[in-house]
Amino acid sequence: MAKILLFSEGKNLFSKSGVGKALEHQKKALGLNGVDYTLDPNDDYDIAHINTIGLASWKVLRSAKKKKKPVVYHTHTTSEDFRGSIKFSNQLSCVIKLWAKKLYNSADYLISPTNYTKNLISSKYVSDKEIRVISNGVDIKRFSKNEELGEKFRKEFGFGDNDIIIMSAGLPFQRKGVLDLVEIAKENPEYKFIWFGASSIKNILPKKVKNIIENPPANVIFPGFVDEEILLGAYSSANLFFFPTYEENEGIVVLEALSMRLPALLRDIPVYSDWLKNRKTCFKGSNNTEFTEQIEYIVNNNTSVVTEEAYELAEERELSKIGVKYKEYYDYILAKKEN
């Protein structure tokens, strides 16, 4: 049986990002399917599955190549979704693109979480490289509505039973729409907004984003990175999940919201066009006016038909099923190597 090296670097930073969550999902998905794995590049392994694009990842790739081990690169990082993140990210995005192209082209195989990312990578990053689409997945057993945690969340954060709570989650980047959420909050003081994400990184964020996190409107809370139990309480108690990101490769937090049967309001961007349909499995808007209209609709209408359809999408991306897809790809890669 094959042994897989799952490699990610910068765990202190990445553990609080989508890439960190993706690694946790990979570990669980492989474990559920009896696939042996290691996180240590010094261990023996059959395939290297790399998630990050730092220098340590490059060293692991080169080492695997010397050992004649197949390398699978997970295309979590693009210059498109690096822009609008930390200070000088727009200026550095061209460097990120060149470096990502070097790494992705040096790998033997690629994994993208969505068709959108696959098409982006194949058209702008690599030439003649096999890319398989495998969702990052979601733990639907863990991300299931919990009334007790929901009540605890409202109490601990000072929300009343009748407060309308609009939640979001992710690193508080401009690219993820944090400024838009705050503008909508200012115009709708009757709603409560909460954005979960690593506010500990605020010193590397642009000044206008840092200022908003430090001085938010009265109806906005930035609690930073929280224990998963608190996040589960928020998903269980909120009235809707708002994710106004401008660019994404999938968005694990969106899958979590779908799994929790929480109405998801998303920006109408290409990554969601082929699998998330407006007022069928989610709600979409293209600007703050449309977002506000959708929020009013969600708050004032029964959305259970939409959330049930959305839950079925989450079920299709349940981690044990994702693990099957990884295993199939690994088996395929090893079979090709033997031939």
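Only a predicted model underlies this, so the values are computations on that prediction, with no experimental measurement involved.

**Focus: the side chain of Ser 85**
Working step 1: The residue Ser 85 is located in the loop between helix H4 (79-82) and helix H5 (89-106) in this model.
Working step 2: When its relative accessible area of 4% is taken as the criterion, Ser 85 is described as buried.
Working step 3: Within the local environment of Ser 85, its side chain forms a polar contact with the backbone oxygen of Phe 82, the two atoms lying 2.5 Å apart.
Working step 4: Those residues within four positions of Ser 85 in sequence are excluded, and the remaining contacts are Phe 173, Leu 205 and Pro 206.

**Examining the packing of helix H8 (residues 178-187) against helix H9 (residues 207-214)**
Working step 1: At a minimum axis separation of 10 Å, H8 and H9 run at an interaxial angle of 45°. Between H8 and H9, the crossing angle belongs to the class labelled oblique. Once H8 is placed against H9, the crossing between them reads as left-handed. Within the contact between the two elements, H8 uses Val 178, Leu 179 and Val 182 and H9 uses Lys 208, Val 209 and Ile 212.
Working step 2: For the contact of H8 with H9, the class distribution of residues is five nonpolar, no polar and one charged.

**Observations concerning the sheet that holds strand E6 (residues 131-133)**
Working step 1: One open sheet accounts for six strands, arranged E2-E1-E3-E4-E5-E6; its pairing is parallel. Edge positions in the sheet fall to strand E2 (36-38) and E6, since each of these pairs with one other strand and no more. Each strand axis lies, on average, 25° off the axis of its neighbour in the sheet, ignoring direction.
Working step 2: Inspection of the sheet shows strand E4 (residues 71-74) paired to strand E5 (residues 109-112) by three bridges, in the parallel sense. Paired with Tyr 73 across the strands is Leu 110, a residue of E5.

Criteria and thresholds
Along every chain, residues carry numbers that run from 1 in the direction the sequence is written. Thresholds applied to this predicted model are a pLDDT of at least 70 for local features of residues and 80 or more for the giving and counting of side-chain atom pairs; totals over whole chains, interfaces and linings are not thresholded and use all residues. With hydrogens and water excluded, all non-hydrogen atoms of the structure serve as input to the side-chain values. Where helices and strands are cited, they refer to DSSP runs of H or I of at least four residues and of E of at least two residues respectively, numbered from the N terminus. Buried means the residue's accessible area, taken with a 1.4 Å probe over protein chains only, is under 20% of the maximum for its type, while exposed means over 50%, and partly exposed covers the values in between. Between N or O atoms, a polar contact is any pair within 3.5 Å; within protein, one atom must be a potential hydrogen donor and the other a potential acceptor, and residues adjacent in sequence are included only when both atoms are from side chains. By definition in these notes, contact holds between two residues if any of their heavy atoms fall within 4.5 Å. Note on geometry: axes are C-alpha line fits, over the in-contact stretch for helices, and angles between N-to-C directions span 0 to 180 degrees. Working rule for angles: under 35 degrees goes down as roughly parallel, over 145 as roughly antiparallel, 65 to 115 as roughly perpendicular, anything else as oblique. Crossings are classed by handedness, with left-handed meaning an anticlockwise turn of the near helix from the far one by less than a right angle and right-handed meaning a clockwise turn. Under this grouping Gly is polar, as are all residues other than the nonpolar Ala, Val, Leu, Ile, Met, Phe, Trp, Tyr, Cys and Pro and the charged Asp, Glu, Lys and Arg. In this description, strands pair whenever DSSP reports at least two bridges between them.

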